[in-house]
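# Secondary and tertiary structure notes
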Amino acid sequence: MMSKPKVFEKPIGVKDYLPHAVVKLRQIENQVLACMRSWGYEQIMTPTMEYYDTVGVASSTSDRKLFKLLNNRGTTLVLRSDMTAPIARVVSSVLKDSQFPLRLSYHSNIFRAIEEEAGHEAEFFQTGVELVGDASAEADAEVVALAIASLKAAGVDRFKIAIGHVGFLNGLFEDTLSGRTDAQEELKACLLGRDYVGYRERLRELAIAEPVQRELEGILRLRGSQEICLQALQLSSNATAQASIRHLLEMWDVLKAYGVCEHVLIDLTMIGDFSYYTGMTFEGYAADLGFPVASGGRYDNLLKQFGRPAPATGFALKTTRILELIGDSESDLEERVLIGYNDAGRALALAKAQQLREAGTVVITEKMEQSTAAEVTAAAEQSENGEKVVYKGETFAAFIRFFGEQEGASL
Amino acid sequence: MSRNVNGGIGAEALQTSSGGLETMDMGILAAALEASGRDLLKVAMPKGRIYKQASKLFREAGLPIPSDFDDTRKLIIELPEAGMSFIMAKPVDVPTYVEYGVADIGIVGKDVLMEENKDVYELLDLGIAKCRMSVIGLPDWKPVIHPRVATKYPNVASQYFRELGQQVEVIKLNGSIELAPLIGLADRIVDMVETGQTLRENGLVEMESIFGITSRLIANRVSYRMKNEAIQSLCDKLQHVIGAKPNA
């Protein structure tokens with residue numbers, strides 16, 4: 001189907017970033033990383049490629065979404081599909097003698113083979129943290145509070161974080177559908193697929209007592225603030241479910257102390273991938289953007305796959321989507337100065353350029369004809385916005401001439 | 001990605017309709033919307049078959065639907081006083097609008113949801129536009145060596161036969177699917193059956209029913225959280241009307 005690509009085409013799902021976008025992206029990246037650093041998270045970098053059998057298999061990305069390639073020995077490699085698995089590898093190997101807790105941050109490009117159409121990118125940026133070696137609700141709350149601080153640092157104004165806990169549903173289903181693992185799996189699959197209609201249908205087919213059915217239907221409404229947890233406590237006496245809710249209540253108290261509860265929503269139907277997440281999970285949503293801007297949660301089973309069992313929690317901001325969100329506001333490239341010179345003025349011109357650059361000004365130098373310099377000056381004097389100089393399609397804040405031994409008129 | 005639904009559509013397509021509102025408690029909805037942000041709740045409505053039944057359901061639930069909507073050719077109608085705006089879409093595109101968040105919620109048939117497989121919340125079975133997805137063939141159908149199945153729903157058809165352990169060639173057609181077995185393009189078809197009238201008239205029989213179809217209320221992942229109060233309140237009202245009906 002695919003014919004030979006045309007020269008302007010690039011593979012589906014990848015993007016070019018032009019100067020204005022790069023300025024914005026770097027701005028977001030720097031502000032978010034600075035925020036993370038101020039919370040004690042140190043940035044690390046890992047390779048773009050990893051082994052399929054280790055990091056590839058351990059990652060939460062489904063197999064068909066991995067970019068796989070062979071190296072010259074025929075070993076299967078993957079392009080990293082998240083940063084969590086590579087960091088788990090680093091923590092268990094290179095950093096194996098470092099004491100817990102470890103606080104690490106990253107900003108990195110991530111690769112996922114796309115399945116369908118646009119909106120699902122094949123390469124995108126994530127900025128995130130992992131907090132390894134702390135199983136407490138305090139640690140989970142820290143990660144959520146940092147996600148909120150990071151979204152603010154990135155310039156996102158209106159957003160919400162929804163927090164759930166995989167233990168609650170696990171416990172509730174164990175309790176109400178004990179031994180019926182197939183039914184449990186089916187119900188979870190419906191919730192994971194956001195198919196509430198299917199979930200209710202399955203429930204009706206299950207032939208369970210009316211009150212239990214109503215209870216299980218009721219969880220679709222467990223969404224709100226702290227009082228939702230109190231409701232949920234009444235719902236199931238199962239130990240796992242109760243422990244999960246207590247954990248969320250503890251987190252809520254910590255988040256209250258952080259002063260960020262206005263952004264937080266408890267949503268017990270919000271479940272991440274059950275095979276990966278082991279505790280609380282969360283997602284961040286921004287107004288005016290159809291896709292989540294952040295996701296995270298607790299994954300206590302990952303590190304043991306790399307030989308250093310430890311609890312861990314973390315999140316990633318979808319930096320590329322945040323760029324989409326705030327990229328509309330006009331970003332300003334810095335003011336620039338143009339210096340024109342001839343042979344005689346070169347030494348002075350370049351010295352002046354260096355002096356200005358050291359002071360933080362962006363300077364472009366060009367050897368030009370004296371007549372050209374005169375034209376530029378004349379055009380600038382006649383132009384309506386007097387201070388700006390337009391030369392070869394670019395706008396400059398000032399034009400300085402060096403023809404001969406002296407600095408010419410500086411506009 | 002366009003975040004402004006109005007963007008790119010001519011001004012003449014945009015109209016604020018204030019007349020002909022049949023609504024009882026818009027105040028509550030508007031207040032809920034106020035609390036969840038200043039934006040309108042954007043509803044993608046399917047044109048055609050489902051539309052009439054869906055708008056009837058909305059009216060019964062006391063939800064605002066512009067009365068001049070039924071025969072309008074406008075694509076977008078805003079009802080700012082009700083906090084809602086309606087987008088008229090081709091049914092098969094409704095899940096796409098909702099997945100991208102250019103519509104917060106939408107109404108769409110289960111057939112389209114199964115075929116398109118988009119990442120959206122399926123909140124409510126509206127119980128309207130009932131029909132079923134079926135395998136259809138000539139009455140004297142016998143297994144053939146190279147089975148060919150014509151359909152408007154290639155994903156649904158492929159998946160169904162795969163699960164049966166049969167390898168078939170799926171041929172995508174865009175209309176008059178019933179023609180295919182009659183003229184020998186395919187030995188069977190997979191299509192929606194409502195009354196079976198078209199089948200009978202063309203001497204075809206329903207061989208197997210794959211799944212039942214009704215219209216569903218769907219929501220965008222982010223909207224469902226950011227505009228939860230408005231969406232939940234709308235859901236509850238619809239649920240109330242649906243619940244009151246027999247066999248829903």
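Look above for the structure.
Residues numbered from 1 in each chain as written. Chains lettered and ligands numbered in written order. Predicted model: local features only at pLDDT ≥ 70, side-chain atom pairs only at ≥ 80, totals over all residues. Heavy atoms only, no water.

## Notes on the overall build of chain A
Assigned secondary structure in chain A consists of 13 helices and 17 strands. Here the C-alpha atoms of chain A give a radius of gyration of 28 Å, more than 25% beyond the 22 Å that 2.2 N^0.38 yields for 411 residues. Taking the principal axes of its C-alpha atoms as reference, chain A extends roughly 95 × 55 × 50 Å. Looking at the 411 residues of chain A, the share that counts as buried comes to 49%. Contacts spanning at least 24 positions in sequence make up 68% of the contacts within chain A whose residues lie at least 6 apart. Of the roughly 19900 Å² that chain A leaves accessible, carbon and sulfur atoms contribute 50%. Positive and negative side-chain charges in chain A, numbering 43 and 57 respectively, have mean positions lying 3 Å apart. (Helix = DSSP H or I, 4+ residues; strand = E, 2+ residues; numbered from the N terminus. Rg over C-alpha atoms; globule rule 2.2 N^0.38 Å. Buried < 20%, exposed > 50% of the residue type's maximum accessible area, 1.4 Å probe, protein only. Contact = heavy atoms within 4.5 Å. Areas by Shrake-Rupley, 256 points an atom, 1.4 Å probe, with all protein chains shown as cover. Lys, Arg positive; Asp, Glu negative; His and termini not counted. Charge placed at Lys NZ, Arg CZ, Asp CG, Glu CD.)

## Things to note about the pattern of salt bridges
What the rule picks out here adds up to 31 salt bridges over all chains. One salt bridge connects D119(B) with R221(B), and the closest N-O pair in it is separated by 3.1 Å. Placement of the pair is D119(B) in the loop between α4 (110-116) and β6 (121-125) and R221(B) in the loop between β12 (215-219) and α8 (223-226), with a sequence separation of 102 residues. The exposure class of D119(B) is partly exposed, given its relative accessible area of 26%. Counted as one network, the salt bridges with shared partners bring together R194(A), E283(A), D119(B) and R221(B). (Salt bridge = Lys/Arg side-chain N within 4 Å of Asp/Glu carboxyl O.)

## Considerations on the packing of aromatic side chains
The geometry of an aromatic ring pair comes down to the distance between the two centres and the angle between the two planes. On inspection of all chains with the given rule, the structure shows 11 aromatic pairs over all chains. Geometrically, the ring pair formed by W39(A) and Y258(A) is stacked, given 5.7 Å between the ring centres and 20 degrees between the ring planes. Placement of W39(A) in the loop between α1 (19-38) and β1 (42-43) and of Y258(A) in helix α10 (residues 239-258) is noted, with a sequence separation of 219 residues between them. Take W39(A): its relative accessible area is 26%, and that puts it in the partly exposed class. For Y258(A), a relative accessible area of 37% gives the class partly exposed. Relative to Y224(B), the ring of Y121(B) has its centre 4.6 Å away and its plane inclined at 40 degrees; by these criteria the two rings are tilted. Placement of the pair is Y121(B) in strand β6 and Y224(B) in helix α8, with a sequence separation of 103 residues. (Phe/Tyr/Trp six-rings, centres within 6.5 Å; stacked < 30°, edge-to-face > 60°.)

## Quick look at the layout of surface pockets
All names here are of chain B. What the second largest pocket holds in volume is close to 760 Å³. D111, K152, Y153, D191 and M192 are, among the 33 residues lining the second largest pocket, the residues nearest its centre. Those elements that provide at least two residues to the lining of the second largest pocket are α2 (49-60), α4, β7 (131-137), α5 (154-163), β10 (188-193) and α7 (197-201). Top element by residues in the lining of the second largest pocket is α4. It accounts for four residues. (1 Å grid on protein atoms, 1.4 Å probe; cavity = no way out; pocket = protein on both sides within 12 Å on 5 of 7 lines; lining within 4 Å. Points joined across faces, edges and corners; volume = space filled by probe spheres on them.)

## Description of empty space enclosed by the protein
Residues and elements named next belong to chain A. Scanning the model with the defined rule gives one cavity of 30 Å³ or more in all. Together, V55, G56, S59, L66, V78, L79, R80, S81, D82 and P86 line the largest cavity. Elements with a contribution of two residues or more to the lining of the largest cavity: α2 (52-58) and β4 (76-79). Split into classes, the residues belonging to the lining of the largest cavity amount to five nonpolar, three polar and two charged. (Nonpolar A, V, L, I, M, F, W, Y, C, P; charged D, E, K, R; others polar.)

## Observations concerning unusual backbone geometry
Residues and elements named next belong to chain A. The residue after F100, namely P101, is reached through a cis peptide bond having omega -5 degrees. Its place among the elements puts P101 in the loop between α3 (84-92) and β5 (102-111). Here the phi dihedral of D288 falls at roughly 75 degrees; this positive angle occurs in a residue that is not glycine. Residue placement: D288 occurs in the loop between β10 (280-286) and β11 (294-298). With a phi angle near 50 degrees, K392 is a residue other than glycine that sits in the positive phi range.

## Some details on a nonpolar patch on the surface
A contiguous nonpolar patch, built from L138(B), L179(B), L182(B), I183(B) and L185(B) and spanning about 410 Å² of accessible area, is present on the exposed surface. With respect to the element layout, L182(B) can be found in helix α6 (residues 179-183). (Patch = residues over 30% accessible without salt bridge, like charges linked within 9 Å, V, L, I, M, F, W, Y side chains within 5 Å.)

## Overview of the side chain of E121(A)
Residues and elements named next belong to chain A. Assignment of secondary structure puts E121 in the loop between β5 and β6 (123-132). Since its relative accessible area comes to 14%, E121 is described here as buried. Engagement of the side chain of E121 in a polar contact is seen with the side chain of K15, the distance being 2.6 Å. Apart from residues no more than four positions distant in its own chain, E121 is found in contact with G13, K15, R112, I114 and T320. (Polar contact = N/O pair within 3.5 Å; in protein donor to acceptor, adjacent residues only side chain to side chain.)

## A closer look at the sheet that holds strand β17 (residues 398-402) of chain A
Two pairing modes exist for strands in a sheet, parallel and antiparallel, and in both the strands are linked by backbone hydrogen bonds. Residues and elements named next belong to chain A. The three strands lie next to each other as β14-β13-β17, forming an open sheet whose pairing is parallel. Edge positions in the sheet fall to β14 (362-367) and β17, since each of these pairs with one other strand and no more. Put simply, the sheet's adjacent strands are angled 20 degrees from each other on average, direction ignored. As paired strands, strand β13 (residues 336-341) and β14 are joined by six bridges and run parallel to one another. Following the sheet pairing, Y341 is matched in β14 by K367. Against the sheet, helix α12 (residues 346-358) makes contact with β13, β14 and β17, and its axis sits at roughly 170 degrees relative to β13, the strand it touches most. (Pairing = 2+ DSSP bridges. Axes fitted to C-alpha atoms, helices over the stretch in contact; angles between N-to-C directions.)

## Some points on the packing of helix α5 (residues 166-176) of chain A against α10(A)
All names here are of chain A. Packing of α5 against α10 leaves a shortest axis separation of 7 Å and a crossing angle of 155 degrees. Comparing the axis directions of α5 and α10 gives the class roughly antiparallel. Between α5 and α10 lies a crossing of left-handed hand. Contacts between α5 and α10 involve G167, F168, G171, L172 and E174 on the former and, on the latter, T240, A241, S244 and I245. For the contact of α5 with α10, the per-class residue count stands at four nonpolar, four polar and one charged. (Parallel < 35°, antiparallel > 145°, perpendicular 65-115°, else oblique. Left-handed = near helix turned anticlockwise from the far one by under 90°.)

## Comments concerning the nonpolar core
Grouped together as the largest cluster of nonpolar side chains are 107 residues, with contacts concentrated most on I163(A), F168(A), Y199(A) and L238(B). Among the elements that make up this core, the one with the highest residue count is helix α4 (residues 137-154) of chain A (11 residues). Membership of the second largest hydrophobic core comes to 25 residues, among which are V55(A), L102(A), Y276(A) and F306(A). (Core = buried A, V, L, I, M, F, W, Y, C linked by side-chain atoms within 4.5 Å.)

## Describing the interface of chain B and chain A
Many structure descriptions define interface size as the accessible area lost when the parts assemble. Across the contact, 28 residues belong to chain B and 35 residues belong to chain A. Summing the contributions of chain B and of chain A, the shared interface buries around 2700 Å²; its carbon and sulfur component is 44%. The interface formed by chain B and chain A includes four salt bridges. One salt bridge connects R225(B) with D267(A), and the closest N-O pair in it is separated by 2.7 Å. At the junction of chain B and chain A, the tally comes to 11 residue pairs in polar contact (both at pLDDT 80 or more). (Buried area = accessible area lost by both parts, 1.4 Å probe.)

## Observations regarding helix α6 (residues 181-192) of chain A
All names here are of chain A. Taking 1.5 Å of rise per residue, 12 residues should cover 16 Å, and α6 covers 16 Å from first to last C-alpha, within 8% of that figure. Every buried residue of α6 is listed here: A183, Q184, L187, K188, C190 and L191. The arc enclosing the buried residues of α6, seen along the axis, measures out at 155 degrees, which places them on a common side. R194 occupies a position one or two residues after α6 and carries a positive phi of about 55 degrees. (Expected span 1.5 Å × (residues − 1). Arc of directions from axis to C-beta.)

The values reported here are purely geometric and, on their own, carry no functional implication.
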